[in-house]
Amino acid sequence: MTGERTPRLVGVAWALLALNTLGSAGAKTVVPIPRSLIQMLTMGALVAAFALALAVNRPLRVRPSAFVFLLTLLLVPSLIASVHLEVGFGALFRCARLTLFVATLWLLTRWWDGGLTFVRHHIRMYYAVLGLVAAGLVVAPGTAMPEYYGGRLVGALWPLTPPQIGQYAAVVIGLTVLLLLGRRTTAFGAAVVIVPSLVLLAMTHTRTATLGLLIGLVLAIGSLFLTSAAARRLFAWAVLCAAVGAVVFGSALRTWFLRGQSQENFSNLTGRAKVWDALLASPRTAGETVFGMGLGDKSFDGLPIDNSWLAVFQEQGLIGVALVAALLVVLGGVALLRPPSLPRACAIFLISYCVLSSYTEVGLGDASAYLLHLALAASLLVAPAPAAPAAVDVPARHVPRWARR
């Protein structure tokens, strides 16, 4: 399995997994797309990804992965809670989707070798999504920046919310910066990706994505501080620019960060805290506490939960919370034990971004872009197998003529 060239269809399967995680609910589009059609396309993408991964993985081989194993264990509380149908038949559908998602990841582990191949697939897919968002902004700027979202950028051609766009932009920017730092791409190629993505990120006014990008890059570049002169120079320049920017543009940055909200509204996280308090105060049985209520739409009383940990507790119970925590601890622990390298820095960026985003976003307990980011981190932390020793030509031993007789 090691040293094996990654087929192009593996990249296609990875892109289809990303397409499946785009979701079917979001902003209003220029041309209204029925939600049933979007669900058909996204679920079809997942089925196609599984079929491609199965077809290209011949003979069938998988690589041991603690990350995917813990995801497989997460299916147990999901299924136990969903069979009670407390949230309807949709719970079983979401279980089937998560099962297919995890099975596809198992098939793709064959090509997880600690290299940057999947990083490039990840950037290309989400940069294409950002291109679709930019096209919608050009075609229908009024639809792309509606008043009901406070003038924040949304998907006008595909229903994407500002947090989704901000997440994709932040991940693309962070990974591209690290590739540039490791001299795996040119300055021009990086600028083509980073500059438009930064503009789109700013137009979404997404605080979680912005903080995740900054903190994730600080941790990732810091992991290279002792071994890379380029990382030390970039870190010094970043600190200097941040200090100057905080002094010169402090007021403008504060206005952008508050997004016109009052101090009270900002302190309770735009109403999220009220939903969280109500969820925790809601009565539940011992079984619901341990196993949850089944995979749902990540809402409570019709309001979005917007917290991965509470969403997992609601749907997969304390067992689900423990498994998700173990998943992150394993990834973080392996990242700390690996020697400094560019793949390790990319993994640290993705892990830290997902951990920070989990406070105000959902997705760690179900098939989502966040799980795909963590799967990419897991692929980067795989220890490459040692190269096979080169064959040594041993000179033939001279045999005396009398011995030959």
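In what follows, the structure referred to is the one given above.
This report concerns the structure included in the present document. Numbers given for residues are sequential positions, taken from 1 along each chain in its written order. For this predicted model, a pLDDT threshold of at least 70 governs which residues receive local features, and a threshold of 80 or more governs which side-chain atom pairs are given and counted, while totals over whole chains, interfaces and linings are taken from all residues. Hydrogens and waters are ignored; side-chain quantities use all the structure's heavy atoms.

Once that is clear, we can look at the overall build of the chain. Assigned secondary structure in the chain consists of 18 helices and two strands. Per-residue burial over the chain gives 46% buried out of 405 residues. Contact between two residues is taken to exist if any of their heavy atoms lie within 4.5 Å; hydrogens are not considered. If you take every contact in the chain between residues at least 6 apart in sequence, the share linking residues at least 24 apart comes to 76%. Here the open area of atoms and residues is found with the Shrake-Rupley method and a 1.4 Å probe, where only the protein chains shown may cover a residue. With the model as given, the accessible surface of the chain reaches about 19600 Å², and the carbon-plus-sulfur share is 70%. Numbering of helices and strands runs from the N terminus, with a helix taken as a DSSP run of H or I at least four residues long and a strand as a DSSP run of E at least two residues long. Using a 1.4 Å probe on the protein chains alone, a residue whose accessible area is under 20% of its type maximum counts as buried, one over 50% counts as exposed, and one in between counts as partly exposed.

Only Phe, Tyr and Trp rings take part, Trp by its six-membered ring, and two of them pair if their centres are within 6.5 Å. Stacked means planes under 30 degrees apart, edge-to-face means over 60, and tilted covers everything else. Taken as a whole and assessed by the stated rule, the structure comprises five aromatic pairs. Taking the centre distance of 4.7 Å and the plane angle of 25 degrees together, the rings of tyrosine 126 and tyrosine 168 count as stacked. Of this pair, tyrosine 126 sits in helix α5 (residues 117-139) while tyrosine 168 sits in helix α7 (residues 162-181), and the two are 42 residues apart along the sequence. Residue tyrosine 168 is classed as buried on the basis of its relative accessible area, which comes to 1%.

In this section: unusual backbone geometry. Here the residue pair arginine 58 and proline 59 is connected by a cis peptide bond, since its omega of -5 degrees sits within 30 degrees of zero. Of note, the phi angle at lysine 298 is positive, near 60 degrees, even though the residue is not glycine. Structurally, lysine 298 is set in the loop between α14 (286-291) and β1 (299-300). What makes lysine 298 buried here is its relative accessible area of 14%. You will see that aspartate 301, though not glycine, has its phi angle at about 55 degrees, which is positive.

In this section: the side chain of arginine 344. Looking at where arginine 344 falls in the secondary structure, it is placed in helix α16 (residues 342-357). No salt bridge is formed by the buried arginine 344. Its closest oppositely charged neighbour is aspartate 113, at 16 Å. For the purposes of these results, a polar contact is taken to be a pair of N or O atoms within 3.5 Å, where, inside protein, one atom must be able to donate a hydrogen and its partner to accept one; residues adjacent in sequence count only when each atom of the pair is a side-chain atom. Polar side-chain contacts of arginine 344 include one of 2.6 Å to the backbone oxygen of alanine 335. In this view, arginine 344 contacts Ser223, Ala335, Leu336, Arg338, Pro339 and Leu381; residues no more than four positions away in its chain are not counted. Note that His is not counted, nor are the chain ends; the positive residues are Lys and Arg, and the negative ones are Asp and Glu. Any Lys or Arg side-chain nitrogen located within 4 Å of an Asp or Glu carboxyl oxygen qualifies as a salt bridge.

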